[in-house]
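Here's the letter readout for the chains.
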Amino acid sequence: MSKPGLRADVFIGPFMSFEQGGGTFSATTSTLVSGPTEAVLIDAQHIREDVTALAEFIGRSGKKLKTIYVTHGHADHWYGAGDLVAKFPDARVVATAPVVEYIKQAGEAEAQQWAAMFGDRVAKPTAVPDTLDGLTIELEGHELRIVEVGQGDIQPSTVVHIPDLDAVVAGDVVYNQIHAILGLSGPSGWQRWIQSLDVIEGLAPRMIVAGHRKPESSDYEASRMLDETRSYISDFAEAAQRFDSADELVELMKSKYPDFGNRWTLHFSAQSWFSRKRT
């Protein structure tokens, strides 16, 4: 999407197979918001090959990368920042204070998880975000407004509202035809997540960039994305309480959302919920 003096271009990495076992990790987005001469990147990928491709994507824009903003603390959204800073040394990596704190607290555990999932393919997390001063990033006369919605697939989560583009870059608060990770929270978190979607809806965006989407899906169907993510969470939450096994929950969600990508995420969420429910 573009308007005079401002545009947003979306990079999407591929689905990524795990080192061991079946399943894949969802395709992950990064969004380059550009003014006449400078740019801000929102989220930074995590697989070295994808980070290299993202750097080339940024380079082709011809813009000076000034800021890399991280929406939330999951490694797939910030591990690539260090490699990008090595290529774009004027860029500063930032996040809100709660997200920076999450990254610091979860760092060792996530490093082990990502090494197990992807081995040597993972970018080294050499640039931990600094704390952003305030909740606005200025880009050549335009404002990128950080909204601390709180809950997405994890808490804390933020989204970036770009009023001049009628756009929201949503991190993992909105999913676009991908099975959402509900296994990292529970019923109260799922309800808070729906409230986060209501906050985004109140911003009335025409474009939403979901943190994970099917590559062929559109960023310009904001109402559909919000409605689907909301209904997906509600359907999962209701069935999680009603059913007695992960398999039943998986089968129901597959029947309701047959075209959604990355079913490994659904299996993980269902198994995680019933594991906690039993204990």
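Trainee: Describe the overall build of the chain, with residues and values.
Mentor: Per the secondary structure count, the chain includes 7 helices and 16 strands. Relative to the compact-globule value of 19 Å for 279 residues, the chain shows a C-alpha radius of gyration of 18 Å, a close match. Seen along its three principal axes, the alpha-carbon backbone of the chain occupies a region of about 55 × 40 × 35 Å. A burial count over the chain gives 56% of its 279 residues as buried. The contacts in the chain between residues at least 6 apart in sequence include a share of 72% that link residues at least 24 apart.

Trainee: Requested: an account of the sheet that holds strand E10 (residues 136-139), with residues and values cited.
Mentor: With respect to topology, 5 strands assemble into an open sheet ordered E10-E11-E12-E13-E15, the strand pairing being mixed. Each having just a single partner strand, E10 and strand E15 (207-209) make up the two edges of the open sheet. Sheet twist, expressed as the mean angle between neighbouring strand axes with direction ignored, is 20 degrees. Most of the contacts of helix H4 (residues 187-202) go to strand E11 (residues 142-150), to which it runs at about 155 degrees, and overall it touches E11, strand E12 (157-162), strand E13 (167-169) and E15.

Trainee: Break down unusual backbone geometry for me, with residues and values.
Mentor: The peptide bond linking Gln155 to Pro156 adopts the cis configuration, its omega dihedral lying at 10 degrees. With respect to the secondary-structure elements, Pro156 resides in the loop between E11 and E12. Residue Gln177 is not a glycine yet carries a positive backbone phi of 60 degrees.

Trainee: Describe the nonpolar core, with residues and values.
Mentor: Looking at soluble globular proteins, one finds that nonpolar side chains tend to be buried together. Membership of the largest hydrophobic core comes to 40 residues, with the highest contact counts inside it found for Val174, Ile200 and Leu249. Listing elements by their share of this core, those giving two or more residues are E11, H4, helix H5 (222-242), helix H6 (246-256) and helix H7 (263-278). Of all the elements, H5 adds the most residues to this core, at 9 residues. Filtering out sequence-adjacent residues up to four positions away, Leu249 remains in contact with Phe236, Ala239, Ala240, Phe243, Ala270 and Phe274. With 35 residues, the next largest nonpolar core counts Ile47, Val99, Ile103 and Met117 among its residues.

Trainee: Describe in detail the pattern of salt bridges, supporting the description with residues and values.
Mentor: Scanning all chains against the criterion turns up 15 salt bridges. Note that Arg92 is salt-bridged to Asp130, the shortest N-O span being 3.6 Å. Here Arg92 is found in strand E8 (residues 92-95), whereas its partner Asp130 is found in strand E9 (residues 130-131), with 38 residues between them in sequence. Accessibility expressed as a relative area gives 40% for Asp130, which makes it partly exposed. Taking the shortest distance from any N to any O, the salt bridge between Glu228 and Arg224 comes out at 2.9 Å. In this pair, Glu228 and Arg224 are both assigned in helix H5, 4 residues apart and thus about one turn of the helix distant. Judged by relative accessible area, which is 18%, Glu228 ranks as buried. Residues joined in a network through salt bridges with shared partners are Asp198, Glu201, Asp227 and Arg230.

About the criteria used
- Residues numbered from 1 in each chain as written.
- Predicted model: local features only at pLDDT ≥ 70, side-chain atom pairs only at ≥ 80, totals over all residues.
- Heavy atoms only, no water.
- Helix = DSSP H or I, 4+ residues; strand = E, 2+ residues; numbered from the N terminus.
- Rg over C-alpha atoms; globule rule 2.2 N^0.38 Å.
- Buried < 20%, exposed > 50% of the residue type's maximum accessible area, 1.4 Å probe, protein only.
- Contact = heavy atoms within 4.5 Å.
- Pairing = 2+ DSSP bridges.
- Axes fitted to C-alpha atoms, helices over the stretch in contact; angles between N-to-C directions.
- Core = buried A, V, L, I, M, F, W, Y, C linked by side-chain atoms within 4.5 Å.
- Salt bridge = Lys/Arg side-chain N within 4 Å of Asp/Glu carboxyl O.

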